[in-house]
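Below, each chain spelled out in residue letters.
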Amino acid sequence: MRNDPSADFNAAFKAAFDSTVSSRIIETVPKVPDHEFSRRYRRKMRKLERRSLYAPAYGGGIRFDKVPPEKGSFKKVSLKKLFTYALIAAILAALTALSVGAARDLYKKFFMTSFDTHTVVKSADFENAPETIEDVYVITKLPEGIKLVFENEISETTPEAVHFYQNDTYQFSFAQYVKCYHDINVNTENNPMSNIEINGYDGYIIDLGNDEYYISWDNGEYIFDISGNIGKNALIELAESVQKVEN
Amino acid sequence: MLSIYLAAIDAPEEKSKFKKLYQLYEQDMFKTAYEILKTDFDSEDAVHMAFTNIIKHMEKITETDSPRTRGYLLITVRHTALKVLEMRNKIVRTGNTPAERLDDFDLEEYVISGIEAERLAAVLKTLPLEHYEILFLEIYMDMSITEISEVLGITYEAAKKRLQRAKKKFGEMAKEEFENAE
Amino acid sequence: MKKRIGILFAVVMAVTMLCGISVYAVEARYIYATSATSTLTKQNSSVTCTSTAQGNSTVTKIAATQYLEKKDGDNWEVVKGCKWSSSTESAYLYASNSKSSLGSGTYRLRTVFTVYSGTSSETIEKTSSEVTI
């Protein structure tokens with residue numbers, strides 16, 4: 001027992017939390033009547049419950065974590081709901097036009113402007129970066145069984161080199177952007193964004209739900225992004241395998 | 001009308017776990033959020049947002065019905081509600097005092113081996129709430145700084161600084177408590 | 001709930017009338033779209049118009065219309081012959097078109113994307129920053 005003082009300390013601390021959580025946290029909940037939750041809330045929670053099926057269960061390795069939804073089968077909405085959504089959309093559009101969100105915290109290499117439905121991301125320092133795609137970067141650890149289905153032609157006036165990979169169940173994109181032209185809308189509506197480092201480079205990651213993620217980072221020369229439904233760990237591994245093609 | 005749901009009901013335990021969680025705790029979470037936000041609409045949003053967050057760290061919850069889990073969910077929703085309030089009022093929360101230099105603080109320095117949980121609890125009882133909450137997440141929930149930053153909705157650096165501040169304060173109060181007890 | 005939407009709508013209408021901002025039904029929530037870009041690059045008197053959009057794994061099709069626009073006073077006019085449409089039966093769209101021998105002025109590229117997931121869709125719009133020739 002006395003062999004690992006650190007573990008003892010940890011255990012003692014945990015026991016201390018055991019005995020204080022009631023008075024510090026639980027009993028501070030206001031003693032008021034229960035609330036009757038709205039249908040809107042119930043709907044959102046049901047959707048979340050479906051999403052909870054896809055909480056990442058595995059760690060490490062480029063392994064595809066689960067079976068994604070069938071294409072096109074995700075939503076079946078009634079006319080009434082469609083009308084309600086359209087009405088809400090119109091209102092949101094107006095509200096969005098009226099209220100511009102403030103810039104986000106501390107993403108050093110990125111300049112971000114947040115709106116209700118999305119965030120606009122641009123490069124925060126592109127002074128010394130190439131103004132064209134001079135060097136091509138590729139993913140060097142491609143998983144088996146997935147094909148490159150699209151790649152664009154690059155010329156002096158092409159601001160980004162893009163690649164799209166797909167098979168029956170999985171898909172992901174990989175893009176390389178000239179920094180001064182980088183200007184992208186990313187889906188941050190109810191999708192949390194947080195810091196991430198890819199090979200030591202500053203970046204951010206967006207959790208899109210259903211095991212889909214969007215990752216972007218700046219390696220000093222270019223901005224890259226990679227996005228798909230292959231699970232967070234697999235996506236990070238692919239991102240970390242990105243390298244310049246040496247001629 | 002039956003919507004077509006996903007074929008992959010491969011984790012039925014996870015499904016009922018999530019349902020159990022909100023059935024057990026959504027009322028308390030709502031009441032906590034309501035105290036801050038004062039409207040049904042925003043408070044429901046805060047509870048939903050908190051659960052969005054909680055799903056990402058589902059593996060941290062080992063028992064659905066326990067004070068530890070209740071505490072974790074309440075801490076999460078409190079910070080989600082504060083974030084909603086911040087966005088509503090367009091306040092930028094200043095978490096960092098730039099001039100402050102915080103060295104890496106080792107809590108164990110202040111704890112002589114043999115210290116029991118009761119003594120630590122005595123300090124925890126009066127430690128300021130925000131410090132209590134972040135130590136709860138790190139020690140009781142075994143969370144990393146990155147995970148803590150996600151729960152609190154702040155950057156990695158801000159979470160690191162807040163954790164250091166909490167440990168420092170705990171250490172100061174612990175020192176006082178143990179010296180008085182001698 | 002419906003009453004609340006009704007009141008909200010009325011308030012928004014009132015406010016927008018006061019502000020003189022037109023309400024678009026074009027922009028919807030980002031449910032299916034992951035990202036969108038609309039970029040204008042130039043070389044001498046030519047421009048290249050590049051637009052991309054990515055949808056999540058439920059997306060079956062993306063359509064896009066690019067408008068190369070020139071500033072005329074306070075308005076933006078679409079340059080003649082510079083409205084391009086394209087679509088893809090996948091979750092990734094890439095469109096690139098060029099226009100040469102442009103007169104001097106300020107230009108921008110406005111792209112309207114429609115992202116489809118089965119029979120549902122959403123429309124999002126992205127406009128590039130301005131480029132001067």
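All values reported here derive from a predicted model rather than from experimental measurement.

Asks: So what's going on with the overall build of chain B? Residues and values would help.
Replies: Broken down by element type, chain B carries seven helices and zero strands. Order of helices (α) and strands (β) in chain B, N terminus to C terminus: α-α-α-α-α-α-α. Here chain B, with 182 residues, has 37% of them falling under the buried criterion. Nonlocal contacts in chain B, meaning residues at least 24 apart in sequence, comprise 73% of its contacts between residues at least 6 apart.

Asks: I'd love a proper account of the confidence of the model for chain B, names of residues and values included.
Replies: All names here are of chain B. The pLDDT averaged across chain B works out to 80; a share of 76% of its residues lies at or above 70. pLDDT under 50 marks residues 1-11. Its contacts with residues more than four places away, or in other chains, come to 11 contacts. In this model, residues 95-102 is a region of pLDDT below 50 whose contacts with residues beyond four sequence positions or in other chains number nine contacts.

Asks: Lay out the pairing of strand E2 (residues 46-55) of chain C with the relevant residues and their values.
Replies: Residues and elements named next belong to chain C. In terms of burial, E2 is a largely internal element, nine of the 10 residues being buried. Where E2 meets strand E5 (residues 92-99), eight bridges bridge the pair, whose relative direction is antiparallel. Residue pairing in the sheet places Ser 51 in a bridge with Ala 95 of E5.

Asks: Residue-level account of the pairing of strand E10 (residues 212-218) of chain A, with values.
Replies: Two faces make up the sheet, and in a regular strand the side chains alternate between them. All names here are of chain A. Along E10, seven of the seven residues are buried, which leaves the element largely enclosed by surrounding structure. Side-chain alternation along E10 places Glu 212, Tyr 214, Ser 216 and Asp 218 on one buried face and Tyr 213, Ile 215 and Trp 217 on a second face that is also buried. Bridging between strand E9 (residues 201-209) and E10 involves six bridges; their strand directions are antiparallel. Looking across to E10, one finds that Tyr 204 is bridged to Ser 216. Where E9 folds back on E10, the antiparallel hairpin that results is connected by two residues, among which Asn 210 adopts a positive phi of roughly 50°. Linking two consecutive strands that pair antiparallel, namely E10 and strand E11 (residues 222-228), is a turn of three residues; a positive phi of about 95° is found at Gly 220 within it.

Asks: Explain the sheet that holds strand E6 (residues 171-178) of chain A to me, and be specific about the residues and the numbers.
Replies: Residue and element names in this part refer to chain A. Pairing is antiparallel in the open sheet, where seven strands are placed in the order E4-E5-E6-E11-E10-E9-E8. Both edges of this open sheet fall to strand E4 (147-151) and strand E8 (193-198), since each of them pairs with a single strand only. Strand after strand, the sheet turns through a mean of 20° between neighbouring axes, direction not considered. Strand direction decides the pairing type here: strand E5 (residues 160-166) and E6, joined by seven bridges, are antiparallel. Paired with Tyr 165 across the two strands is Phe 172, which belongs to E6.

Asks: A description of the environment of Leu 109 of chain C should follow, citing residues and the corresponding values.
Replies: All names here are of chain C. Counting through the fold element by element, Leu 109 comes out in strand E6 (residues 106-117). Between the C-alpha atom of Leu 109 and that of Leu 40, which follows or precedes it by 69 residues, the distance is 6.0 Å. Leaving out residues up to four positions away in the same chain, Leu 109 has contacts with Ser 38, Thr 39, Leu 40, Cys 49, Gln 66, Leu 68 and Ser 128.

Asks: Give a description of unusual backbone geometry that names residues and reports values.
Replies: Positive phi outside glycine occurs at Asn 190 of chain A, with the angle close to 60°. Notably, Lys 38 of chain B is not glycine yet its phi reads approximately 60°, a positive angle. Positionally, Lys 38 of chain B belongs in the loop between helix H1 (12-37) and helix H2 (40-56). Looking at Lys 38 of chain B, the number of C-beta atoms within 10 Å reads 10, which means it is exposed.

Definitions and cut-offs
Residues numbered from 1 in each chain as written. Chains lettered and ligands numbered in written order. Predicted model: local features only at pLDDT ≥ 70, side-chain atom pairs only at ≥ 80, totals over all residues. Helix = DSSP H or I, 4+ residues; strand = E, 2+ residues; numbered from the N terminus. Buried ≥ 20, exposed ≤ 12 C-beta atoms within 10 Å, placed from the backbone. Contact = placed C-beta atoms within 7 Å. pLDDT = per-residue confidence, 0-100. Pairing = 2+ DSSP bridges. Axes fitted to C-alpha atoms, helices over the stretch in contact; angles between N-to-C directions.

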